[in-house]
Amino acid sequence: MKLIRKQSNDENNQSSGVGNSINRRAFLKRSGIAMGTGAASTLLTPGRMKKAHAASQVATGDITVKKSVCTHCSVGCGVVAEVQNGVWTGQEPDFDSPLNLGAHCAKGASVREHGHGERRVKYPMKLVGGQWKRMSWDDAINEIGDGMMKIRKESGPDSVYWMGSAKHNNEQAYMFRKFAAMWGTNNVDHQARICHSTTVAGVANTWGYGAMTNSYNDMHNSKAMLFIGSNPAEAHPVSLQHIFKAKESGSKMLVIDPRFTRTAAHADHYVRIRPGTDVAIIWGMLWHIFENGWEDKKYISERVYGMDEVRAEVANWNPTECERVTGADEETVREAAKMMAENSPATFVWCMGGTQHTIGNNNTRAYCAFQLALGNIGTQGGGANIFRGHDNVQGATDFCVLSHSLPGYYGLSDGAWKHWSKVWGLEYDWVKGQFSNEEVEGDKGKPVHTMNYKGIPVSRWVDGVLEESIGQKDNIRAMVWSGHAVNSQTRGPEMKKAMAKLDMMVIIDPYPTHAAVMHDRTDGVYLLPACTQFETYGSVTASNRSLQWREKVIEPLFESLPDHIIMYKFAKKFGFADQYCKNIQVSNDEPLIEDITREYNKGMWTIGYTGQSPERMKLHMENKHTFNTTTLIAEGGPVDGEYYGLPWPCWGTAEMGHPGTPILYDTSKTVAEGGLCFRARFGVEHDGNNILAENSWPKGSDIQDGYPEFSHELLKNLGWWNELTAAEKGAAEGKNWKTDLSGGIQRVAIKHNCAPFGNAKARVIVWTFPDRVPIHREPLYTPDRELAAKYPTYEDRKRFYRLPTRYGSIQAQDFSKDFPMVFTSGRLVEYEGGGEESRSNPWLAELQQDMFCEINPKDANGNGVRDGSMVWIESPEGSRIKVKAMITNRVAPGVIFTPFHFGGWYEGKDLVDKYPEGTEPYVRGEACNTAFTYGYDSVTQMQETKVTLCRVKAV
Amino acid sequence: MARMKFLCDAERCIECNGCVTACKNENEVPWGVNRRRVITLGDGESGEKSISVACMHCTDAPCAAVCPVDCFSTTDDGIVLHDKDLCIGCGYCSYACPFGAPQYPQKEAFGVRGKMDKCTFCAGGPGDEDNNSPAEIEKYGRNRIAEGKLPLCAEMCSTKALLAGDSDMVSDIYRERILNRGGRPQTWGWETAYNKTS
């Protein structure tokens, strides 16, 4: 030890030689400020991350830079990884990315830890006599495969359930859906069911597509921003960069939420509502808008159908009734309505707080109706900015890893199966032969072939195992969870019962997950180590519909494998590998990712996933810095005039060069430049009324009126048929814009600046849904009996997605006296989803070490609960969880909030001993969904995890 | 000559902890040592504000004034570094620091990182170790400054709330931002200084 002071001006000590190595200009570029300075674009083009002379002093080898995309949420933040000798040694900000401009939240800033992966599942394992035993991949595939073949023989293919993932990239998601089809079942689903399924159903049924209409970046143009059931400060932190840019330029920011969230802390106006009253608050706001004539009458007459019926319903929601139901007083609601009406364009953001209800589809349609009334859809700065959750939940939804559709939302009709069979290069009859050749009684009481019958959704797999009268030959006997957390589904005790009844559980995941430990089984559980998206490559769709291409950062750790290799191994075992990869090159069991992209490019006409070839996507990634950070258009450079990530629909073939669609339904641009109108999805007339657009069309359209979707007949009637090439004519004969594999119909329509999907009005009434006009209905477990009588739920259904589904019989029981508190849940910034991955990352886990509940001081004192003490939360269905109490005014009296990312505990017990050695997450806690209860959306089977009842007891 | 400073814009900080994990990532500091933390005032109440806090690299650093072994030094750029070879881990600096910046590892009090640990402005250590040599990284974390980069916490901040760099630059950027905000509320610091509430 030298007891001398180091002289900072010692010439030999250059450790801080900033003055020499970096000048003022370089500082400006790197000082981490881009937004709100008015100089954003100049700050977006810093020099590449240069490793200065110092780099050579790091003894671990040359640095290779790999570019990927964060795997946590749907913002799509670019990740710049530095790799030395195959080891991920550094992470740098991706200043070039127009989506995040270098920024990361806690999760994004910690993704390098994926390269450590200490708590990962390291090799295939199975549970034998209560002990985890290592096995080889070959043995695992053979043993699991044999077991499944046995089940298939005895009970049919529907008795094996394939749970996919929003963590798969697009290519893997597509292959997963295809895999289930070839196994012969529609029992396939993924997280979107329990995240935004009610959005997709509600929104697509309003104006055509179910996705976010604008983009995070486009919010720069908003003059007002409304967030309902959305807490982006924790769920999509980097989006706040764009939101603040708008706010600092004068945009108003409103938050409607039962909790005073971290987002609400930054808002201009906060409206607290009782959980589960979204329709009531929206109609309450619209009441003021109609009362004052603030609606956009011209827009409504040209582009909206059914507003009069909405107006009639809204008339019931006068300020008194609105306050009675929502708890928000007249002045607060009026102020919110006024802010949205007076500041145009205004955007509307919603997330899980709105979707996860028995009336989720009513909520999402009410949001759409609100925006349509104000004329905010199809405009810059407006839109329904539906923030998706996981990094690729938009993509996995688009590829329909869903029990009710084939990729591209083609549905399950014979026509849909024929379309995809053709794309796959297979005989339709062969594909049909993979299914159990039988008809069962369908949801509507009529016989339906298993191939055309919606499968069991994620939210209900437990009932698929346990219920006696279901719409398939036998119950589910084997569950495969490929990148899925069971702690995100409700009704813990019944889930445990279902797990006990299964023949086999297969968990394919980088981490063991809650599923590996919550049951009491001693045998028949397999853990197969999948790698993360940083250990493979492919495309991923951000919430704004932009596709980004990830590079592989490192080789798969330990014995883990990419998901598409695992799928292929199973396909081989089951004997359909050749059909599975007919158009796809395979080497060492790995289907070539680029070939998968090219295959889906040939089939995804409905939503325009056809123009994004691997080459185009890669070129966009190489030229990220050339895109404008507000409009996302490339200004000069090799992809001049294209939008970042070719946001879908990117019409036609890649050769056609469509730039992508940055804002849906924006008539101010030509279709060729990314403009659109509302989709003609619901026919041309309804009840004798024209439902095509009137006096509204995309810029430059050769048809200056509404028109139906394009087909070979329409082209012929318009006299445009001969504009097809001979080859296109051959492919297009008898087809429409969705099924013409040549893309000719789309090409010709767009040449005339027409939207291939027609030009119609959006509709605010959906005559095929249980509630034609969105109405308020009380949750199944409601604290207010009077309102339950006035706004009752639906009647029980005998069969819905193959299962009996209860509504009225539950609501009829009064639990409100014994269980007086409302229970709700949400996200934390440090964790994601079921949380296993993020709780296994020490950099994140350290920041949130306890599962907790938020409780208002009044309720805490009323129940003898002290801050920081443990409490039991008990549900009316008899389940309970033990969590730490946090006393706060963030929640209103009568409301309990918990985060949903925890797992590894069950009803008060830490299950640490049940994990395979060395794989237990650093932080474990009670899964809140253990105590969440029954309740499913009336259209999509979304589970109701935002309102139930509970009581709190001090431990 | 540059004088390095941090500034956290409380109007933008959303307590996402990106800065905290960026620091963990870049410097691989052990569990329990937090060179940077986010502090939230009025949590869950109207007026809730968060700011990210680390060593502020004071011009007249109180830690240096009280250190019994005089292990602190200030670089030409105004970065306050401390020498872990000299440090005896007494904790006196933490008495003096107005920001609670000094950290002490939970275990192995005299291990490699066993003494006081704090934010280095991603400038490595003051000692004889070569820039970004394994020895320097092990003891102090990464030396981004030697590579012409700024601290990773600020470079990765999700909302660009946390600024780092030459104080002149930081002020220029912040001033421009404030002007752009027009009639928007100023930072809590501004309100406190001029008793303005809007």
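Residues numbered from 1 in each chain as written. Chains lettered and ligands numbered in written order. Predicted model: local features only at pLDDT ≥ 70, side-chain atom pairs only at ≥ 80, totals over all residues. Heavy atoms only, no water.

**Examining the overall build of chain B**
Point 1. The secondary structure content of chain B amounts to seven helices and six strands.
Point 2. In sequence order, the secondary structure elements of chain B are arranged as β-α-β-β-α-β-β-α-α-α-β-α-α.
Point 3. A burial count over chain B gives 60% of its 198 residues as buried.
Point 4. Contacts in chain B between residues at least 24 apart in sequence constitute 57% of all its contacts with a sequence separation of at least 6.
Point 5. Only carbon and sulfur atoms are counted for the fraction: they give 54% of the accessible area of chain B, which is about 7,400 Å². (Helix = DSSP H or I, 4+ residues; strand = E, 2+ residues; numbered from the N terminus. Buried < 20%, exposed > 50% of the residue type's maximum accessible area, 1.4 Å probe, protein only. Contact = heavy atoms within 4.5 Å. Areas by Shrake-Rupley, 256 points an atom, 1.4 Å probe, with all protein chains shown as cover.)

**Digging into the sheet that holds strand β12 (residues 346-350) of chain A**
All names here are of chain A.
Point 1. Taking strand neighbours across the sheet as the criterion, the five strands line up as β10-β9-β8-β12-β13 in an open arrangement whose pairing is parallel. Of all the strands in the sheet, the pair left with one neighbour each is β10 (269-271) and β13 (384-386). Neighbouring strand axes in the sheet, compared pairwise and without regard to direction, differ in orientation by 20 degrees on average.
Point 2. Bridge count for strand β8 (residues 224-228) against strand β9 (residues 252-256) is five bridges, and the pairing is parallel. For isoleucine 228, the partnering residue across the bridge sits in β9 and is isoleucine 256.
Point 3. Against the sheet, helix α14 (residues 360-373) engages β8 and β12, with an angle of about 175 degrees to β12. (Pairing = 2+ DSSP bridges. Axes fitted to C-alpha atoms, helices over the stretch in contact; angles between N-to-C directions.)

**Considerations on the pattern of salt bridges**
All names here are of chain A.
Point 1. Scanning all chains against the criterion turns up 74 salt bridges over all chains.
Point 2. The closest approach of N and O atoms between arginine 477 and glutamate 154, which form a salt bridge, is 2.9 Å. You can see arginine 477 sitting in the loop between α18 (461-466) and β16 (478-482) and its partner glutamate 154 sitting in helix α3 (residues 137-155), a full 323 residues away along the chain.
Point 3. Ionic pairing is found between arginine 890 and glutamate 854, a salt bridge with its closest N-O pair at 3.8 Å. (Salt bridge = Lys/Arg side-chain N within 4 Å of Asp/Glu carboxyl O.)

**A short note on the confidence of the model for chain A**
Point 1. Of all residues in chain A, 94% have pLDDT values of 70 or greater, and the mean over the chain is 93.
Point 2. In this model residues 1-59 of chain A is a low-confidence stretch, pLDDT under 50, and it forms 136 contacts with partners more than four residues away in sequence or in other chains. (pLDDT = per-residue confidence, 0-100.)

**Here we look at unusual backbone geometry**
All names here are of chain A.
Point 1. Here the amide bond leading from serine 344 into proline 345 is cis, since omega sits at 0 degrees, within 30 degrees of zero.
Point 2. Counting through the fold element by element, proline 345 comes out in the loop between α12 (330-342) and β12.
Point 3. The linkage connecting tryptophan 648 with the following residue, proline 649, adopts the cis geometry, with an omega of 0 degrees.
Point 4. Backbone geometry at asparagine 588 places phi at a positive 50 degrees, although glycine is not the residue there.
Point 5. By secondary structure assignment, the location of asparagine 588 is in the loop between β21 (586-587) and β22 (590-591).

**Some points on α3 of chain A**
Residues and elements named next belong to chain A.
Point 1. Relative to the 27 Å expected for 19 residues at 1.5 Å per residue, α3 spans 26 Å between its end C-alpha atoms, a close match to the ideal helical length.
Point 2. Here α3 has its buried residues at Trp137, Ala140, Ile141, Ile144, Gly145, Gly147, Met148, Ile151 and Ser155. Taken down its axis, α3 places every buried residue within 165 degrees of arc, on the same side. Opposite the buried face of α3, by more than 90 degrees, sit the exposed residues Asp138 and Lys153.
Point 3. Where α3 is buried, its residues touch β6 (160-163), α4 (170-183), β16, β17 (504-509), β18 (525-529) and α20 (563-574).
Point 4. Remark: glycine 156 follows α3 within two positions and exhibits a positive phi of approximately 90 degrees. (Expected span 1.5 Å × (residues − 1). Arc of directions from axis to C-beta.)

**What to know about the environment of alanine 65 of chain B**
Point 1. Following the sequence through the fold, alanine 65 of chain B ends up in helix α2 (residues 62-66).
Point 2. With 28 residues separating them in the primary sequence, alanine 65 of chain B and cysteine 93 of chain B have C-alpha atoms 8.6 Å apart.

**Some points on helix α10 (residues 307-314) of chain A**
Residues and elements named next belong to chain A.
Point 1. Within the sequence span of α10, burial applies to Met307, Val310, Glu313 and Val314. Buried residues in α10, looked at end-on, bunch into an arc of 115 degrees, giving them a common side.
Point 2. For α10, the secondary structure elements touched by its buried residues are α8 (278-291), α9 (297-303), β11 (304-305) and α14.

**Things to note about the sheet that holds strand β35 (residues 925-926) of chain A**
Picture the strands of a sheet paired through backbone hydrogen bonds; they go either parallel or antiparallel.
Residue and element names in this part refer to chain A.
Point 1. Overall, mixed pairing links the three strands, which are arranged β34-β33-β35 in an open sheet. Here the strands that pair on one side only, and so sit at the sheet edges, are β34 (909-910) and β35.
Point 2. As defined by bridge partners, strand β33 (residues 904-906) adjoins β34 across two bridges and the pair is classed as antiparallel. Residue tryptophan 905 lies in a different strand from β34, and its bridge partner there is aspartate 910.

**Things to note about the environment of aspartate 796 of chain A**
Residue and element names in this part refer to chain A.
Point 1. Along the chain, the position of aspartate 796 falls in the loop between α27 (785-790) and β26 (797-800).
Point 2. In this structure the C-alpha to C-alpha distance between aspartate 796 and isoleucine 810, which are 14 residues apart in sequence, comes to 8.9 Å.
Point 3. Not counting the four nearest positions on each side in its chain, aspartate 796 is found in contact with Thr805, Arg806, Tyr807, Gly808 and Ser809.
Point 4. One polar contact links the side chain of aspartate 796 to the main-chain amide nitrogen of tyrosine 807, over a distance of 2.6 Å. (Polar contact = N/O pair within 3.5 Å; in protein donor to acceptor, adjacent residues only side chain to side chain.)

**Considering the pairing of β16 of chain A**
Residue and element names in this part refer to chain A.
Point 1. With five of five residues buried, β16 lies mostly within the body of the structure.
Point 2. Every second residue of β16 is oriented toward a common face, with Ala478, Val480 and Ser482 on one face and Met479 and Trp481 on the other, all of them buried.
Point 3. Bridge count for β6 against β16 is four bridges, and the pairing is parallel. Paired with valine 160 across the two strands is alanine 478, which belongs to β16.
Point 4. Pairing between β16 and β17: five bridges, direction parallel. The partner of valine 480 across the bridge, within β17, is valine 506.
Point 5. In terms of handedness, the path from β16 via helix α19 (residues 492-501) over to β17 forms a crossover that is right-handed. (Right-handed = clockwise from strand over helix to strand, strands pointing away.)

**Concerning the packing of aromatic side chains**
For any pair of aromatic rings, the description rests on two quantities: the centre-to-centre distance and the angle between the ring planes.
All names here are of chain A.
Point 1. Counted according to the given criterion, the structure contains 52 aromatic pairs over all chains.
Point 2. Summarising the aromatic geometry, the rings of tyrosine 174 and tryptophan 420 are spaced 5.9 Å apart at their centres and angled 55 degrees between planes, so their arrangement reads as tilted. With tyrosine 174 in helix α4 and tryptophan 420 in helix α16 (residues 414-424), the pair connects residues that are 246 residues apart, well separated along the chain.
Point 3. The exposure class of tyrosine 174 is buried, given its relative accessible area of 0%.
Point 4. A relative accessible area of 0% means that tryptophan 420 is categorised as buried.
Point 5. Measuring from centroid to centroid gives 6.0 Å for phenylalanine 570 and phenylalanine 574, while their planes differ by 25 degrees, and the two rings are stacked. Taken together, the positions of phenylalanine 570 and phenylalanine 574, both in helix α20 and four residues apart, correspond to about one turn of that helix. (Phe/Tyr/Trp six-rings, centres within 6.5 Å; stacked < 30°, edge-to-face > 60°.)

**Some points on the packing of α4 of chain A against α20 of chain A**
Residues and elements named next belong to chain A.
Point 1. The interhelical angle for the contact between α4 and α20, taken along N-to-C directions, is 15 degrees, at an axis separation of 10 Å. The angle between α4 and α20 falls in the class roughly parallel. The chirality of how α4 crosses α20 is left-handed. Listed contacts from α20 to Gln172, Met175, Phe176, Phe179 and Trp183 of α4 are Asp563, His564, Met567, Phe570, Ala571 and Phe574.
Point 2. Split by residue class, the contact of α4 with α20 holds eight nonpolar, two polar and one charged. (Parallel < 35°, antiparallel > 145°, perpendicular 65-115°, else oblique. Left-handed = near helix turned anticlockwise from the far one by under 90°. Nonpolar A, V, L, I, M, F, W, Y, C, P; charged D, E, K, R; others polar.)

**Remarks on the confidence of the model for chain B**
All names here are of chain B.
Point 1. Residue-level pLDDT values for chain B average 88, and 86% of them are 70 or greater.
Point 2. The secondary structure element of chain B with the lowest average pLDDT is helix α7 (residues 188-194), at 48, and the one with the highest is helix α5 (residues 152-155), at 98.
Point 3. Note on residues 109-113: pLDDT under 50 across the span, and 18 contacts to partners over four residues away in sequence or across chains.
Point 4. Scored below 50 in pLDDT, residues 185-192 makes 15 contacts in the model with residues more than four places away or belonging to other chains.
Point 5. Scoring of the predicted complex yields 0.93 for pTM and 0.92 for ipTM.

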